[in-house]
Amino acid sequence: MVHAAFVFDAIRTPRGKGKPDGSLHEVRPISLVSHLLGHLRERNSLDTQLVDDIVLGCVTPIGEQGGNLPKMAALSAGWHERVAGQQINRFCASGLEAVNLAAMKVASGFEDLVVAGGVESMSRVPMGSDGGAAYDPAWSAQVGFVPQGIGADLIATIGGFNRRDVDRFAVGSQQKAAAARDGGYFSKSVVPVTDECGLPILDQDEFIKPHTTMEGLAKLKPSFEGMGRAGMDAVALARYPKVKAIDHVHTPGNSSGIVDGAALVLVGSEQAGRKLGLVPRARVVSVAITGTEPTIMLTGPAPAAFKALDKAGMTLDQIDLFEVNEAFASVVLRFQADTGVPWEKINVNGGAIALGHPLGATGAMLIGTMIDELERRQLRYGLCTLCVGGGMGIATIVERT
Amino acid sequence: MSGFKYEKGADNIVIVTMDMPGQPVNIMNAAYEAMMKATLARLESDIDSVAGIILTSGKNTFFAGGDLNALLAIEQDDRAGFFDQIERLKAQMRRLETFGKPVVAAINGTAMGAGLEIALACHHRIALDKPGIQLGLPEVTLGILPGCGGIVRLVRKIGLAQALRLLTEGTVLSAAAARSAGIVDDLAADADELFAKAKAWIQANPAACQPFDVKSYRIPGGTAAESANANLLLMAPAIAFKKTRGLMPAPAQILAVAAESTLVDVDTALRIESRGITKLVATPEAKNLIRTFFSSQYLTKCATDRARLVAQPAARAAVIGAGIMGGGIAYQSAFTGTPVIMKDIAQAGLDLGINEADKLLSRRVKNGQMSADKKAATLGAIEPTLEYGERFKSIDVLVEAVIENLAVKRAVLAEAERNIGISTIICSNTSTLPISELAQGLQRPQQFCGMHFFNPVHAMPLVEIIRGRQTSDDTINRAVAYALSLQKQPVVVNDCAGFFVNRLLFAYFAGFLRLVQDGADYEDVDRVMEQWGWPMGPAYLADVVGLDTMQHCYDVLSAAYPRCASTESKTWYQVIMELGGLGQKNGKGFYLHGAADGQPPKLVNPEAKARIAETAQPIRKFSDQEIVERIMVGMAIELAYALEEGIVASPEEADVALLYGVGFPSFRGGLARWMDFVGLDAFCRTADNYATWLGPLYRVTDRQRDMAAHVRTFYS
């Protein structure tokens, strides 16, 4: 690394329920971003012409989210015309990939100040509406594709996580998230969404269901049993012949929620920070991306975490807090089993099961949540990781400064 | 608060009659909200036994629209409350259309704005097909947007492309045209048929709901995300910008709301629309457009009050002089139903006048606005003649429109007076000649007034009615009545050189001439004035009017208003005329004008520019502010003089006359309003500053200074 890459700020919208009756459904995805860009500029007194690039993750970059939204949002936010923008798609890792890419740009010395982040209005641009190989039978047959939910259930089956295990995890996520929201732990990052007249639209995460119980969750039907029985299980088990049958434990209650939201992370060099009077909140220590077995698909977090630790020359026990994206409960259970990290270090403020997973934005949101919590607890190192479609894993280690 | 009149018949159909007490029309306000709330509550409790609902009006009109006075009162800080109110009103409409019972709007009169929005929230609309009944969403003309579901439901009913055409223009339609446009679903010849059809529809559709509340519903023509609309959405903002030059926020906001409304469910779309109107309602543009609307209503009232005093409306008219203006007046008279004799001294003149009328009528036929039969009948209502005759004895109003020359006009007027009946009034169409002077030599000067039409007559909405020293009130009233029958907006002014509009325009040009003298680039001046909102800048306008005409007006008016006269021996009009340029009419003026159809290219005339540079101060850069002030301040002071001299009776009349007569930017609310906006104190300080080095053009009136001292406004 030529230069250290610092995080100066991290903000996000609240996460709105990703349905037509969700509060952010009425907000254009470009507005979610330009609204945040406006706030980022204001709260850092940012001279925007010094920003080299805006890199945002978006998993369904078509329609309203198409056409290089980051640059267009910068224009509508009135940022300096010199600021460039690009949209990247690494499925669920997009938001964290944006942060990592920004860190790499800065660390390489080629750029000095980059806005990373992501956006996803899942209510307005539905998941999968951009098509892709998953809907291409030729490709599907070649690689033995099954949807993530089947992989998540397979992880549970192999790991021996039964329905009660995943539901118990989900209840914990809800309780922790509710406590964090009510305790104001998110307020440093969350920027309330308003309309153009400044009238309120949504001021805090609305997907959390604090009163979730085991009994309530038990009533929910498995989400992937139907498609599994119809043939998906057979495809998956062809890869995992030792597994007799897949136990379909995941339901809407223990999987990540469909929500709308956006997040931004301001990444830059020490010199850029000095020039602008910005105080670094964290340093990006190392980043990693990796590929894993694609049928089970969602086992990437542990390998990615180890890869990042190797790069940093660190060991697991040096990490004080972990944010492991709760795409499905089994993903986090598997990560814990693979690493042996104590539970009290993992997702201390809940995760996507309670808060929701705005696909392209989530990774960037994890960084903000992590830094806020490292600051609140006065801890040093944090690691964020997500499982990724196609069988990938991503990780980022940050150090509070 | 009790609800609207509620009558349930033996057929279990409830007729809800909106008849808001204490006011001539139904409007959407707090009282409406309370009455609708009570009506909905009653329907709710009754709903099991209700077969269907007919919504109609107890007034002459169905529903007049939003409460503009209430809208005018909404300031920035009131927007949260306004948003909540709009959302409540819309929730009521949503309730009505989701009762699960068929709801029919029996549109028994004009339904404008919010009134049509109520009708759109019904499942079926039947309109009375009678002349004078109008339907439309004209909100854009008031700087706002249809915020009670009009955009959302119209787009879902007729598609994005069709809806945008109506919404961005604020088009108002007859019942039949609204039927063709797909806004109403059926027509009825009379009230009996209206209710019979409404009941029949309810019986045939017992489980009616809105098409968009059915899961399989698709918006006609597709959503904004579909490629079918790509070109529309790509172009529409640019087309709107070209029209408004980005000075009016409403059309762009309407486009944005309409497009976005197709991407979300109806309830979200309605909320997006509420946010759209909330954003517009407190803008100065909306305020000024609403105030301008009130002013123009006031003028209409002044005019109709006068017309009401006239015993007999003009049944026949005559026009003397079949030139551009005479031909245009004859056309307008025939087109609006008053047969007219058109007299000229030359057959060629008559042919020109008839050809002009023919051309205008053919265009209407081609655009499908008129049948060939109606065209023939209209042309037949213009009777060309070279001679006076007995028929002139029976005409009610004679308009003289010969060339702008005092002696010629006097002779023609005297001759005309000898050939008409004793009760006929004579109006002289003149733009500069004093009416009292033209009256000299007439036997019945009390039956004579000025009637200043603007060119082209069929398109320009204003007519100045000029009272000479001896003109009687009855003559003025009859001229006003005739102007109204011509579908023009008359404004009564007292006699002076240039009357009101050209007098003010003269002051406007005085500022321009001096600016160019002092080294301003006239292209720059035009750009700045257009950006301020004028349809065209002064140099371009001078070209369009014609430099010879400009010079003629200058000669006449500089004698009358020396404060506006140039200090130079020659005007820039003369300088360019010496180069052979007359403006647009011969293709050469401040600019070079292409002969092609449509908008001529705006190329500067290098010869003119070079010649001006020889005598003017060296070209230097003026700030936009200085350019605007030097032109508008002088003009505004002239307005103050005209008011003080009683040339024009009120700031309302002054402002509307400039809006309709010369295209004063409507979103600024008028020139007197502009002075109020600036504040008389600030205005006087600015003017005083210019007066010290530019002289009397910028010397404010004593009354203006007094107003400044007492913090008064023209409109208070």
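The rules we used
Residues numbered from 1 in each chain as written. Chains lettered and ligands numbered in written order. Predicted model: local features only at pLDDT ≥ 70, side-chain atom pairs only at ≥ 80, totals over all residues. Heavy atoms only, no water. Contact = heavy atoms within 4.5 Å. Buried area = accessible area lost by both parts, 1.4 Å probe. Salt bridge = Lys/Arg side-chain N within 4 Å of Asp/Glu carboxyl O. Polar contact = N/O pair within 3.5 Å; in protein donor to acceptor, adjacent residues only side chain to side chain. Nonpolar A, V, L, I, M, F, W, Y, C, P; charged D, E, K, R; others polar. 1 Å grid on protein atoms, 1.4 Å probe; cavity = no way out; pocket = protein on both sides within 12 Å on 5 of 7 lines; lining within 4 Å. Points joined across faces, edges and corners; volume = space filled by probe spheres on them. Helix = DSSP H or I, 4+ residues; strand = E, 2+ residues; numbered from the N terminus.

## Description of the interface of chain A and chain B
Here comes step 1: At the interface, 12 residues of chain A touch 13 residues of chain B.
Here comes step 2: Summing both partners gives a buried area of about 1100 Å² for chain A against chain B, and 54% of it is carried by carbon and sulfur.
Here comes step 3: When the area that chain A buries against chain B is broken down by residue, the three leading residues are Glu26(A), Cys197(A) and Leu199(A), summing to 48%.
Here comes step 4: In this structure, the connection of chain A to chain B is made through five salt bridges.
Here comes step 5: At the surface where chain A touches chain B, the tally comes to seven residue pairs in polar contact (both at pLDDT 80 or more).
Here comes step 6: Among the residues making up the side of chain A that touches chain B, the classes are represented as five nonpolar, one polar and six charged.

## Looking at empty space enclosed by the protein
Here comes step 1: Following the criterion strictly, the structure yields five cavities of 30 Å³ or more and no others.
Here comes step 2: By volume, the largest cavity amounts to about 100 Å³.
Here comes step 3: In this structure, the largest cavity is lined by 15 residues; those nearest its centre are Glu323(A), Gly350(A), Gly351(A), Leu355(A) and Leu366(A).
Here comes step 4: Looking at the lining of the largest cavity, the elements with two or more residues in it are β10 (321-324), α12 (352-355) and α13 (362-377) of chain A.
Here comes step 5: Size it by volume and the second largest cavity reaches roughly 70 Å³.
Here comes step 6: Forming the walls of the second largest cavity are Val310(B), Gln312(B), Pro313(B), Ala314(B), Asp396(B), Val397(B), Ile425(B), Arg478(B), Ala481(B) and Tyr482(B).

## Considerations on the layout of surface pockets
Here comes step 1: Reported here for the second largest pocket is a volume of approximately 1600 Å³.
Here comes step 2: What lines the second largest pocket is a set of 45 residues, and nearest its centre among them are Arg28(A), Ile30(A), Ser31(A), Ala256(B) and Glu260(B).
Here comes step 3: Sorting the residues of the lining of the second largest pocket by element identifies α1 (29-44), α2 (69-76) and β6 (193-194) of chain A together with α9 (230-244), α10 (249-261) and α11 (266-281) of chain B as the ones contributing at least two each.
Here comes step 4: Per element, the largest residue contribution to the lining of the second largest pocket is eight residues, and it comes from α10(B).
Here comes step 5: Grouping the constituent residues of the lining of the second largest pocket by class yields 25 nonpolar, 12 polar and eight charged.

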